Amino acid sequence: MPAPRPCQSHLDIVKFGYPMPHFAEALRRQRKIKVVALGSSSTAGADNILPFPPRLEMLLRQRFFGRMIDVINRGVGGQEAPEEYSRIESDVTAEAPELVIWQVGTNAVYKSYNPAEVRATLEAGLDVLAALPLDVVVMDSQYTQAIVGTQAALNLANVIMPVIAEVTASRKVNLFSRFMLMKRWVDDGIPLGELDDGGQLHTSEWATNCVTQSLFGAIDEALKPEAIT
């Protein structure tokens with residue numbers, strides 16, 4: 001068997017622009033720490049591939065030994081920012097996490113949402129989260145055949161992803177650009193078909209693992225100025 005393809009995390013693409021003070025403080029002072037992953041099937045998991053939340057949980061527990069870090073999966077298949085926004089009180093606030101990873105954008109493209117509606121609900125949701133003692137990372141869409149394989153889908157993706165970037169920048173919220181990360185892999189020669197699970201929408205085992213590695217790297221890098229040991 002050939003050796004597994006190595007992961008290229010490309011921190012130059014996904015590196016965060018803002019510190020994570022709440023998460024960093026919790027790592028200093030608490031043993032039990034919560035992270036909530038809010039999103040759609042990209043978060044919930046699909047096609048018997050372990051999704052990113054439990055993978056990230058394992059990496060965080062290994063990195064910060066002795067802390068009981070729980071990454072709580074609040075993904076619901078088929079949803080987008082408007083539906084996810086309605087779950088913030090029940091699925092985020094009620095858990096009192098130190099970090100929220102909000103995954104948006106996939107169904108905005110796949111189901112042809114109105115970009116203005118995505119913008120409005122993402123803005124509203126980030127404003128709600130800004131009032132809580134937690135840090136936020138927004139994760140945008142995967143780069144797979146269903147999202148970029150037709151001109152119409154690609155055109156919409158090229159509208160939705162900048163909208164997400166503009167909103168996060170306006171709120172000074174960290175963006176994990178899964179879209180640009182995976183596009184870079186394709187630009188570097190990885191076939192687009194290797195990045196999905198065979199259904200053309202969700203990420204493959206390899207891509208899911210490597211996205212998680214990159215997300216963990218971005219989080220770890222953002223914590224370094226906070227002198228976490």
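Everything that follows concerns the structure shown earlier in this document.
Residues numbered from 1 in each chain as written. Predicted model: local features only at pLDDT ≥ 70, side-chain atom pairs only at ≥ 80, totals over all residues. Heavy atoms only, no water.

Applying the stated criterion to the full structure yields one disulfide. Linked covalently through their sulfurs, Cys 7 and Cys 210 form a disulfide whose S-S length is 1.9 Å. The disulfide joining Cys 7 to Cys 210 has a torsion of about -70° about its S-S bond and is therefore left-handed. Here Cys 7 is found in the segment before helix 1 (11-14), whereas its partner Cys 210 is found in helix 12 (residues 205-223), with 203 residues between them in sequence. Cys 7 gets classed as partly exposed once you look at its relative accessible area, which sits at 29%. Accessibility expressed as a relative area gives 1% for Cys 210, which makes it buried. (Disulfide = S-S within 2.5 Å. Helix = DSSP H or I, 4+ residues; strand = E, 2+ residues; numbered from the N terminus. Buried < 20%, exposed > 50% of the residue type's maximum accessible area, 1.4 Å probe, protein only.)

For the rest of this paragraph, the subject is the nonpolar core. Within the largest apolar cluster, 71 residues are counted, with the highest numbers of intra-cluster contacts made by Phe 23, Phe 176, Trp 185, Leu 215 and Ile 219. Sort the elements by how many residues they give to this core and helix 12 lands first, with ten residues. Beyond its immediate chain neighbours, meaning those up to four positions away, Ile 219 contacts Phe 16, Met 20, Phe 23, Leu 56, Leu 60 and Leu 99. (Core = buried A, V, L, I, M, F, W, Y, C linked by side-chain atoms within 4.5 Å. Contact = heavy atoms within 4.5 Å.)

It is worth spelling out the side chain of Ser 141 at this point. Along the chain, the position of Ser 141 falls in the loop between strand 4 (135-139) and helix 9 (145-148). There is a polar contact of 3.5 Å between the side chain of Ser 141 and the side chain of Thr 106. Setting aside anything within four residues of it in sequence, one finds Ser 141 in contact with Val 104, Gly 105, Thr 106, Ile 147, Met 161, Arg 178 and Phe 179. (Polar contact = N/O pair within 3.5 Å; in protein donor to acceptor, adjacent residues only side chain to side chain.)

Attention now moves to the layout of surface pockets. Estimates place the volume of the largest pocket at around 250 Å³. As for the largest pocket, its lining consists of 15 residues, of which Leu 134, Asp 135, Val 136, Lys 172 and Val 173 are closest to the centre. Broken down by secondary-structure element, the contributors of at least two residues to the lining of the largest pocket are helix 2 (21-29), helix 8 (115-130) and strand 4. Looking at the lining of the largest pocket element by element, the count peaks at three residues for helix 8. Looking at the lining of the largest pocket residue by residue, the classes come out as ten nonpolar, two polar and three charged. (1 Å grid on protein atoms, 1.4 Å probe; cavity = no way out; pocket = protein on both sides within 12 Å on 5 of 7 lines; lining within 4 Å. Points joined across faces, edges and corners; volume = space filled by probe spheres on them. Nonpolar A, V, L, I, M, F, W, Y, C, P; charged D, E, K, R; others polar.)

Here Glu 205 shows up in helix 12. Along the primary structure Glu 205 and Pro 51 are separated by 154 residues, whereas in three dimensions their C-alpha atoms are 8.8 Å apart. In this view, Glu 205 contacts Ile 49 and Arg 55; residues no more than four positions away in its chain are not counted.

Rolled over the atoms, a probe sized like a water molecule indicates the empty space that remains. All told, the structure shown has one cavity of 30 Å³ or more when counted by the stated rule. In this structure, the largest cavity occupies an estimated 150 Å³ of space. Taken together, 15 residues line the largest cavity, and the ones lying closest to its centre are Ser 42, Pro 51, Arg 178, Thr 203 and Thr 208. For the lining of the largest cavity, the secondary-structure elements that each account for two or more residues are helix 3 (41-44) and helix 12. Grouping the constituent residues of the lining of the largest cavity by class yields six nonpolar, seven polar and two charged.

What follows concerns unusual backbone geometry. Backbone phi values are negative for most residues with the exception of glycine, while trans is the configuration of most peptide bonds. Positive phi outside glycine occurs at Ala 96, with the angle close to 50°. By the element assignment, Ala 96 lies in the loop between helix 6 (88-92) and strand 3 (99-103). Despite not being glycine, Gln 200 shows a phi value in the positive range, around 75°. Here Gln 200 lies in the loop between helix 11 (178-187) and helix 12. Among the residues examined, Gln 200 registers a relative accessible area of 40% and is labelled partly exposed.

Taking 1.5 Å per residue as the helical rise, helix 10 (residues 151-170) with its 20 residues ought to reach 28 Å, and the 29 Å between its terminal C-alpha atoms agrees with that figure. Looking only at helix 10, the buried set comprises Ala 153, Leu 156, Ala 157, Ile 160, Met 161, Val 163, Ile 164, Val 167 and Thr 168. When helix 10 is viewed along its axis, its buried side chains cluster within an angular range of 160° and face the same direction. Summarising the contacts, the buried residues of helix 10 are in contact with helix 7 (106-110), helix 8, strand 4, helix 9, strand 5 (174-176) and helix 11. (Expected span 1.5 Å × (residues − 1). Arc of directions from axis to C-beta.)

This part covers the sheet that holds strand 2 (residues 68-75). The strand order 2-1-3-4-5 describes an open sheet built from five strands, whose pairing is parallel. The open sheet has two free edges, formed respectively by strand 2 and strand 5, since each of these has just one partner strand. The mean angle between the axes of side-by-side strands here comes to 20°, regardless of whether they run parallel or antiparallel. As paired strands, strand 4 and strand 5 are joined by three bridges and run parallel to one another. Within strand 5, the residue paired with Met 139 across the bridge is Phe 176. Sheet strands touched by helix 2: strand 1 (32-39), strand 2, strand 3 and strand 4. Its angle to strand 1, the strand with the most contacts, is close to 150°. (Pairing = 2+ DSSP bridges. Axes fitted to C-alpha atoms, helices over the stretch in contact; angles between N-to-C directions.)

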